[in-house]
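# Analysis of the macromolecular model
One letter stands for each residue in the lines below.
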Amino acid sequence: MTPQLISIYALVAMFVVATILPINMGVLAFVGAFLIGTLVAGQTTSAIIAGFPGGLFLTLVGITFLFAIAQNNGTIDWLVRLAVRAVRGRIVAIPWIMFGISAVLTSVGAVSPGAVAIIAPIALGFAIKYSISPLLMGLMVIHGAQAGGFSPISIYGGITNRIVAKAGLPLSEVTTFLASFGVNLAVAVLLFLALGGRKLLQARADVTTAVTVPPVQIAMPQSGPQIFGDSEAEALSEEIGLETGQKPNRSNMESAVDEPATPEGSLYQVVTLLGLILLAVLVLAFNLDIGFVAITIGLGLSMIAPTLQKRAMGQVAWPEIMLITGVSTYVVVLEKMGTISFVGDSVAGMASPMLAALLLCFIGAVVSAFASSTAVLGSLIPLAVPFLQSGTGVSPIGFIAAMAVSSTIVDVSPFSTNGALVLANAQGVDRESFFRKLMAYGAIVTVIAPVVVWALFVML
């Protein structure tokens, strides 16, 4: 068996293990990079470490750090309340408000599961209160999050655009973003019409009262002594627990740092909102590095209220960062050992380049429906680069757009993070029936979406 095939089988094994077991695929990928790189490819550990994506790491840390601050100080909750109050009793607008807020959050840098985690409880609460289909509301949140997911300053967009730019392929950030937004918006319209949206056109209710936003965080909040960055105190707490047989009293430590709720529409929240706007302006208009800009703005906001924001660094989406950087590091190992060229040449050698492009879109959709979309984007797009560089006649811009949509729109599956979040928040409904509906819809999307986006962006 060739080294290239061994590395591919190892990648498949990572997907399988990460799907079956609750193990972060990034951990698997780092170990795979070490073992495959040293034992199979004969690479040194220094060469493997050199493949670590430092720029992408900085981007992910900066964005999630800034959004943790915005969540902590109530800015995100405040914006959700403002949007809901803007409905002014028009129930028909509520699903679209949820779609729009989710899209805005991901388009300016929130991780997709984070946006869904924030909006899904609110959306499904409205669904029960105003007799809106819970399935419709849950799917509107997911498709909204995916619609904004490929903006130039988003996490999905950053991953995809960096890979394409590094490969020297033609790059159109706007095309990828509009493709994702357009397809998800079109699907949302069809869902709205099919799942009872027309009945809501004449319905009205008083929704201008206060809206309760569940305390769901962008990322899992830290607790205990580690919120102060004191690893020794944390270790001591665990040691005491082992010796005494008692769990550390976290409630006292947590209450010591609890802060009163920030008044809605406070000056601090206005400044935070201006900071998010400034992020978009500096990155899009002046082409500054999004990671450095996000961390700089986050530091400025932390300096304004350091006590309130002391938890923010612990709320950075470390599992997602571990996953993305681990897969990216493994892909660099594959590239150096010739696996990328091997796969690309094999695909390019198919009789029909268009059929090869469709096959890759299907692979992206199927794998992503059961695994992480970020992992799929980080691994499959590099595998397609040689195929796109070989002069097959397939438009790189169109193919990247098709692959991006295929690999993310299937996150409606209950086996994916976003689908699972919606299922977990589906209160007041038959959970088994809701699961079956979500699974059936996910299967339909997984089969149909790759063909549709391939026809739209590759064939045309």
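The following refers to the structure shown. (Residues numbered from 1 in each chain as written. Predicted model: local features only at pLDDT ≥ 70, side-chain atom pairs only at ≥ 80, totals over all residues. Heavy atoms only, no water.)

Attention shifts here to the overall build of the protein. Assigned secondary structure in the protein consists of 21 helices and zero strands. Sorting the 460 residues of the protein into buried and exposed places 51% on the buried side. Intrachain contacts of the protein at a sequence separation of at least 6 include 81% that bridge at least 24 residues. Roughly 19,600 Å² of accessible area belongs to the protein as shown, and the carbon and sulfur atoms make up 68% of that amount. (Helix = DSSP H or I, 4+ residues; strand = E, 2+ residues; numbered from the N terminus. Buried < 20%, exposed > 50% of the residue type's maximum accessible area, 1.4 Å probe, protein only. Contact = heavy atoms within 4.5 Å. Areas by Shrake-Rupley, 256 points an atom, 1.4 Å probe, with all protein chains shown as cover.)

In a soluble, globular protein the nonpolar side chains are often hidden away together inside. Counting residues in each nonpolar core, the largest one holds 135 residues, and the members touching the most others are Ile132, Met137, Leu279, Tyr330 and Phe399. Contacts of Tyr330, omitting those with residues within four sequence positions, involve Ser7, Ala10, Leu11, Met14, Ala29, Gly32, Ala33 and Ile36. (Core = buried A, V, L, I, M, F, W, Y, C linked by side-chain atoms within 4.5 Å.)

A separate point is the pattern of salt bridges. One pass over the structure, following the stated rule, counts three salt bridges. Notably, a salt bridge pairs Glu335 with Lys166, separated by 3.9 Å at the nearest N-O pair. Highlighted residues: Glu335 in helix H15 (residues 318-336) and Lys166 in helix H9 (residues 155-167), separated in sequence by 169 residues. Note on Glu335: relative accessible area 44%, which makes it partly exposed. The exposure class of Lys166 is exposed, given its relative accessible area of 61%. One salt bridge in this structure joins Arg436 and Glu432, with 3.2 Å as the shortest N-O distance. Of this pair, Arg436 and Glu432 both sit in helix H21 (residues 431-459), separated by four residues, roughly a single helical turn. Judged by relative accessible area, which is 43%, Arg436 ranks as partly exposed. (Salt bridge = Lys/Arg side-chain N within 4 Å of Asp/Glu carboxyl O.)

With that settled, the discussion passes to helix H20 (residues 417-424). For H20, the full list of buried residues reads Asn418, Gly419, Val422 and Leu423. Buried residues of H20 fall within an arc of 135 degrees about the axis and therefore sit on the same side. Among the structural elements, helix H7 (112-129), helix H8 (134-147) and H21 are those in contact with the buried residues of H20. (Arc of directions from axis to C-beta.)

All right, on to H15 then. Here H15 spans 27 Å end to end across 19 residues, near enough to the 27 Å set by a 1.5 Å rise per residue. One or two steps after H15, the chain reaches Gly338, where phi turns positive at roughly 90 degrees. (Expected span 1.5 Å × (residues − 1).)

Bringing the packing of helix H1 (residues 3-20) against helix H2 (residues 25-40) into the picture now. As a packed pair, H1 and H2 sit with axes 10 Å apart at the nearest point and diverge in direction by 160 degrees. Considering the angle they form, H1 stands roughly antiparallel to H2. For H1 against H2, the interelement crossing comes out right-handed. From H1, Pro3, Ile6, Ser7, Ala10, Leu11, Met14, Phe15, Val17 and Ala18 reach across to H2, where they touch Met25, Leu28, Ala29, Gly32, Ile36 and Val40. Here the contact of H1 with H2 is built from residues that sort into 13 nonpolar, two polar and no charged. (Axes fitted to C-alpha atoms, helices over the stretch in contact; angles between N-to-C directions. Parallel < 35°, antiparallel > 145°, perpendicular 65-115°, else oblique. Left-handed = near helix turned anticlockwise from the far one by under 90°. Nonpolar A, V, L, I, M, F, W, Y, C, P; charged D, E, K, R; others polar.)

A few words now on the packing of aromatic side chains. Counting across every chain of the model gives eight aromatic pairs. Ring plane angle 20 degrees and centroid distance 6.3 Å describe the contact between Phe30 and Phe52, whose orientation is recorded as stacked. Note that Phe30 is positioned in helix H2 and Phe52 in the loop between helix H3 (45-50) and helix H4 (54-72), a separation of 22 residues in sequence. Owing to a relative accessible area of 23%, Phe30 belongs among the partly exposed residues under this scheme. Residues Phe52 and Phe57 carry aromatic rings whose centres are separated by 5.8 Å and whose planes lie at 55 degrees to one another, so their mutual orientation is tilted. What makes Phe52 partly exposed here is its relative accessible area of 32%. Grouped by ring-pair contacts, the aromatic residues Trp96, Phe99, Phe177, Phe181 and Phe192 constitute a single cluster. (Phe/Tyr/Trp six-rings, centres within 6.5 Å; stacked < 30°, edge-to-face > 60°.)

Turning our eyes to something else, we now look at a nonpolar patch on the surface. On the surface, Val12, Val16, Ile20, Leu21, Ile23, Val27, Val31, Phe34, Leu35, Leu39 and Met322 cluster together into a nonpolar patch covering about 960 Å² of accessible area. Every element with two or more residues in the nonpolar patch is listed here: H1 and H2. For the nonpolar patch, the leading source of residues is H2, giving five residues. On the secondary structure map, Phe34 appears in helix H2. Note on Phe34: relative accessible area 42%, which makes it partly exposed. (Patch = residues over 30% accessible without salt bridge, like charges linked within 9 Å, V, L, I, M, F, W, Y side chains within 5 Å.)

Take the packing of H4 against H9 next. Closest axis-to-axis distance for the H4/H9 pair is 11 Å, and the angle between their directions is 170 degrees. With respect to H9, the element H4 is oriented roughly antiparallel. The residues of H9 that touch H4, namely those facing Gly55, Leu56, Thr59, Leu60, Ile63 and Thr64, are Ile155, Ile159 and Arg162.

Right, let's talk about the environment of Ala29 for a bit. Following the sequence through the fold, Ala29 ends up in helix H2. The exposure class of Ala29 is buried, given its relative accessible area of 0%. Each C-alpha atom of the pair Ala29 and Leu323 lies 7.8 Å from the other, and the pair is 294 residues apart in sequence. Other than its neighbours up to four places away in sequence, Ala29 contacts Met14, Gly326, Val327 and Tyr330.

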